[in-house]
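Spelled out, the chains give:
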Protein chains: 2
Amino acid sequence: MNTLLIKNVSLEGKITDILVEGNKIARIGSGIAADAGKTLQCNGHLAAVVPFYNTHTHTAMTLLRGYADDLALFTWLNEHIWPAEAKMDAADIYAGTRLGILEMIKSGCCFFNEMYWYSAEAVRAAGEMGVRADIGLVHLALPGSSTARSIDKIRADALELAKDLPAGVRIALAPHAIYTVCESSLRDVTAVAEELKMPLHIHCSETLREVEDCRREHNNMTPVEYLDSVGLIKEGTLLAHCVHLTDHDRKIIAKRKAVISHCPVSNMKLCSGTFDLQAALGAGCRVTIGTDGASSNNNLSMMEEMKFAALAAKLKSGDPTAGKDEDVFRCATVNGASYAGVNAGIAEGCDADILLVELDHCRMVGDYNLIANLVYSADSSVVHSLICNGRVIMENHRVPGEEEIISEARRCCDKFRRS
Amino acid sequence: MNTLLIKNVSLEGKITDILVEGNKIARIGSGIAADAGKTLQCNGHLAAVVPFYNTHTHTAMTLLRGYADDLALFTWLNEHIWPAEAKMDAADIYAGTRLGILEMIKSGCCFFNEMYWYSAEAVRAAGEMGVRADIGLVHLALPGSSTARSIDKIRADALELAKDLPAGVRIALAPHAIYTVCESSLRDVTAVAEELKMPLHIHCSETLREVEDCRREHNNMTPVEYLDSVGLIKEGTLLAHCVHLTDHDRKIIAKRKAVISHCPVSNMKLCSGTFDLQAALGAGCRVTIGTDGASSNNNLSMMEEMKFAALAAKLKSGDPTAGKDEDVFRCATVNGASYAGVNAGIAEGCDADILLVELDHCRMVGDYNLIANLVYSADSSVVHSLICNGRVIMENHRVPGEEEIISEARRCCDKFRRS
């Protein structure tokens, strides 16, 4: 069995050792003298915390980082993003996903919830790089279009993708949104998810237009009410964005134990509106955090996303006590882990996902409050090492093969470059 | 004369060499074969851009980073920040300023406009670490209080501080705000600034309460109108925050060639409101960017501040084309440099302030738009080297003495720690 000993690490302000056996934290205590397969010596300079779980992204869009910014939504999509995406092939997706995973690892994130194309390439990239991932099989089915797949095809595609999955990788079903998937297809996808015990992942209430169109087309129901009527909102369903929720929407989400992925940077950059974090937490909703894709962010940093989440909550409420650092940190870590089916925590018996951050770093002094420093001050330069599922996937700021990942991604960018 | 040769650096997409002689960029071109005192070999992997100029901060407050967050303004100041500040001595200010300068250098910033206590310590720290700085002599003079200094004392203090200044350091006069400095003192400080040709630096229109109080006390004038009536608003006067401006305020600021320091993170964290970047740029105001102090931010990263500035502008206007990356980058770089009296630019004859950023970095790919990547994607991990005033103050991610600066600052934090 794979064993890992983390020596003299700071945990909740005390120096201790952590022994990982297989993919679990087996023991925590001073002076553990195990004969581990690998030892990380922290010398009291590194703190152990739960890593970040990114619950909504489109990873390969890192290839389009900086490709088109500061544009109106329609111009941005029609004239830039969609034409570029149309050129993407499987090799691009593989390279772009590896680039995005590299970026996430280097900013302390061990899981991503993916919704993009060529899912088999994303499965492969996640498996090779050792991160956890839910790879969502995207489903588009406009009413009357030829893109709707039969329930048998949906099931067959999901089962095919779910063959021989790497450790930590799950398959999800990802109907894109209510405005791109017709009702019968939403029901089919939901039925297959139920049958195969796969999570569901959908964009929901991202823009006011989506809400208004939904009310007009579906008997004055909000997107949440409509999706609930279809049966899609249930325990573990991931609803990305949720910018425009009513009190009743929040009650439904809380009651069903569905999960919100709050994406504050994307919402602010695209002028979608501001998610009401305090209202969602107050209603008992399970709130997690996502970066969305690099085209609308333009990075995949969960650390930066936490700061935007905290500050957006203050701005939305006009109350500086809203969006507290510990609440936002919980959303980005253990709440995300709970969505991902991970028993996260730096405690014996927990799954061995461990982030080691530098304490002797200018961003981490004053050193009164580690969580405040991580939410409000830190950036990826404090991330020292990352353990995911018991494996060290980044050590001392290095991810194996990073130069090759970057140069391969740069090669892929050439085909999107405009003269 | 000090000479520096930067070889094979990427400049606006082309690989070239840059020769620095003394504190000026002397030559730019391919294959410069000078016998320079120092050579930085970039191998095409680093890009040269103008560094960041932080136009409003309280640097030594880095010692109070994470000390008290997510509190209402009055609780935060009265119960936490002011009692802690009361314990600060000159040694703390020196250590805290060095910590803050370290952080700024490591995130690509070569200038800070300071408003804090024990100014001689800040002058010393800036000089030792080789950054540019305007050190503002803080002036408090509540009506009827004993803190008002005579005009002779203001002049004498400023002249004393201005003795034997290190290269790149200037002395500014910093009346704190209209609600902490009485009108006669504002006039005295303005007169001394005029006489000694020193810049002025003041908080202005940060909160709605400040505006309302001002209107009530000063014949319905806004803070900008009131300060203009006192004569304080003139070319180069730095007005920090400017969250609540009227069209008339913007006209005054533009006409007088005063300078706005926009501090989006602090404004959002303290719920002060949202600065209208588009309106200020549209009115022809000189807009620069500041981080404010680490207590209300909680870092001094101009890169992060740019992203917040861009996104806050979109949110404020509801227009995704507002807060364009190039506009925000200009505010954070050349506009700030112009305030600081620096002729910034990577061009022959310009002052030799040069930031070298990594191109083969996961945050910098896709590589279509360097400015978009710096504003929206990068963090301090892309900052490779920094040249300020012709001197290399950070090379290959290292600032001389950084371990000692951090450990000294941590020692200072002990006295503020609550049991």
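Note that this is a predicted model, so its numbers are computed, not measured.

About the thresholds
Residues numbered from 1 in each chain as written. Chains lettered and ligands numbered in written order. Predicted model: local features only at pLDDT ≥ 70, side-chain atom pairs only at ≥ 80, totals over all residues. Heavy atoms only, no water. Helix = DSSP H or I, 4+ residues; strand = E, 2+ residues; numbered from the N terminus. Rg over C-alpha atoms; globule rule 2.2 N^0.38 Å. Buried < 20%, exposed > 50% of the residue type's maximum accessible area, 1.4 Å probe, protein only. Contact = heavy atoms within 4.5 Å. Areas by Shrake-Rupley, 256 points an atom, 1.4 Å probe, with all protein chains shown as cover. Lys, Arg positive; Asp, Glu negative; His and termini not counted. Charge placed at Lys NZ, Arg CZ, Asp CG, Glu CD. Least-squares fit on C-alpha atoms with pLDDT ≥ 70 in both. Domains from an automatic or database assignment. Buried area = accessible area lost by both parts, 1.4 Å probe. Salt bridge = Lys/Arg side-chain N within 4 Å of Asp/Glu carboxyl O. Polar contact = N/O pair within 3.5 Å; in protein donor to acceptor, adjacent residues only side chain to side chain. Pairing = 2+ DSSP bridges. Axes fitted to C-alpha atoms, helices over the stretch in contact; angles between N-to-C directions. Core = buried A, V, L, I, M, F, W, Y, C linked by side-chain atoms within 4.5 Å. Right-handed = clockwise from strand over helix to strand, strands pointing away.

**Q** Teacher, can you tell me more about the overall build of chain A here?
**A** Looking only at helices and strands, chain A features 14 helices and 16 strands. Radius of gyration (C-alpha) of chain A: 21 Å, near the 22 Å computed for a compact globule of 419 residues. Viewed in the frame of its principal axes, chain A has a C-alpha envelope of about 65 × 45 × 45 Å. For chain A, the proportion of its 419 residues judged to be buried stands at 63%. Considering only contacts in chain A between residues 6 or more positions apart, those separated by 24 or more positions represent 72%. As displayed, chain A has an accessible area near 14500 Å², and 51% of this comes from carbon and sulfur atoms. The average position of the 42 basic charges and that of the 54 acidic charges among the side chains of chain A differ by 1 Å.

**Q** Would you take a moment to explain the relation of the copies chain B and chain A for this structure?
**A** Think of it as a corkscrew move, a rotation about one axis and a shift along it, taking one chain copy to the other. Overlay of chain B on chain A (RMSD 0.0 Å): rotation 180 degrees, translation along the axis 0.0 Å. One copy is carried onto the other by what is essentially a two-fold rotation axis. The rotation axis passes nearest to the C-alpha of S381 of chain B in chain B, at a distance of 2.7 Å. Residue by residue, 100% of the interface of chain B is reproduced at the interface of chain A, so both copies engage with the same surface.

**Q** Looking at this structure, how should I read the domain arrangement of chain A?
**A** Interfaces are often sized by the accessible area lost when the parts come together. All names here are of chain A. According to the domain assignment, chain A consists of domain 1 (3-49 + 344-402) and domain 2 (52-339). Each of domain 1 and domain 2 has a C-alpha centre, and the two are 29 Å apart. With 25 residues of domain 1 at the interface, the matching set in domain 2 holds 28 residues. Interface area for domain 1 against domain 2, summed over the two sides, is near 2200 Å², with a carbon-plus-sulfur share of 66%. Linking domain 1 to domain 2 there are 2 salt bridges. The tally of links from domain 1 across to domain 2 stands at 8 residue pairs in polar contact (both at pLDDT 80 or more).

**Q** Can you walk me through the sheet that holds strand β13 (residues 286-289) of chain B in this structure?
**A** Note: strands within a sheet are paired through backbone hydrogen bonds, in either parallel or antiparallel orientation. Residues and elements named next belong to chain B. Here 4 strands make up an open sheet; going across it, the order is β10-β11-β12-β13 and the pairing parallel. Looking along the sheet, the strands with just one partner apiece sit at the ends: β10 (201-204) and β13. Between one strand axis and the next, the sheet turns by 30 degrees as a mean value, whatever way the strands run. Two elements, strand β12 (residues 259-262) and β13, share 4 bridges in a ladder whose sense is parallel. In the sheet register, S261 faces β13, and the bridge partner there is T288.

**Q** Got a minute to help me understand the nonpolar core in this structure?
**A** Grouped burial of nonpolar side chains is what soluble globular proteins tend to show. Counting residues in each nonpolar core, the largest one holds 286 residues, and the members touching the most others are I6, I354 and L356 of chain A together with I6, I354 and L356 of chain B. Residues contacting L356 of chain A, with those up to four places away along its chain left out, are I6, V9, L40, C42, L46, A47, A48, V382, V383, H384, S385 and I387 of chain A.

**Q** When you look at the interface of chain B and chain A in this model, what are you seeing that I'm missing?
**A** In this assembly, 62 residues from chain B lie in contact with 62 residues from chain A. Of the roughly 5200 Å² buried between chain B and chain A on both sides combined, carbon and sulfur atoms contribute 58%. Looking only at chain B, the three residues that lose the most surface to chain A are D70, C362 and Y368 of chain B, adding up to 15% of its buried area. Where chain B meets chain A, there are 12 salt bridges. K314 of chain B is the salt-bridge partner of D70 of chain A, the closest N and O atoms lying 2.6 Å from each other. At the surface where chain B touches chain A, the tally comes to 38 residue pairs in polar contact (both at pLDDT 80 or more). Here the side of chain B that touches chain A gets 7 residues from one element, more than from any other, and that element is helix α11 (residues 302-317) of chain B.

**Q** Is there a simple way to think about the side chain of K314 of chain B in this case?
**A** Mapping K314 of chain B onto the fold places it in helix α11. Judged by its relative accessible area of 0%, K314 of chain B falls in the buried class. Beyond its immediate stretch of four places on either side in the chain, K314 of chain B contacts D70, M268, K269 and C271 of chain A together with D319, P320, A322, G323 and Y376 of chain B.

**Q** Explanation requested: the pairing of strand β11 (residues 238-241) of chain A in the structure shown.
**A** Remember that side chains alternate between the two faces of the sheet whenever the strand is regular. All names here are of chain A. Bridge analysis of strand β10 (residues 201-204) against β11 gives 4 bridges, and the strand direction is parallel. Along β11, the bridge assignment pairs H201 with L238. Relative to strand β12 (residues 259-262), β11 runs parallel, the two being bridged by 3 bridges. Bridge pairing in β12 links L238 to V259. Since β11 and β12 lie parallel, the crossover through helix α8 (residues 247-256) that links them has a hand, and here it is right-handed.

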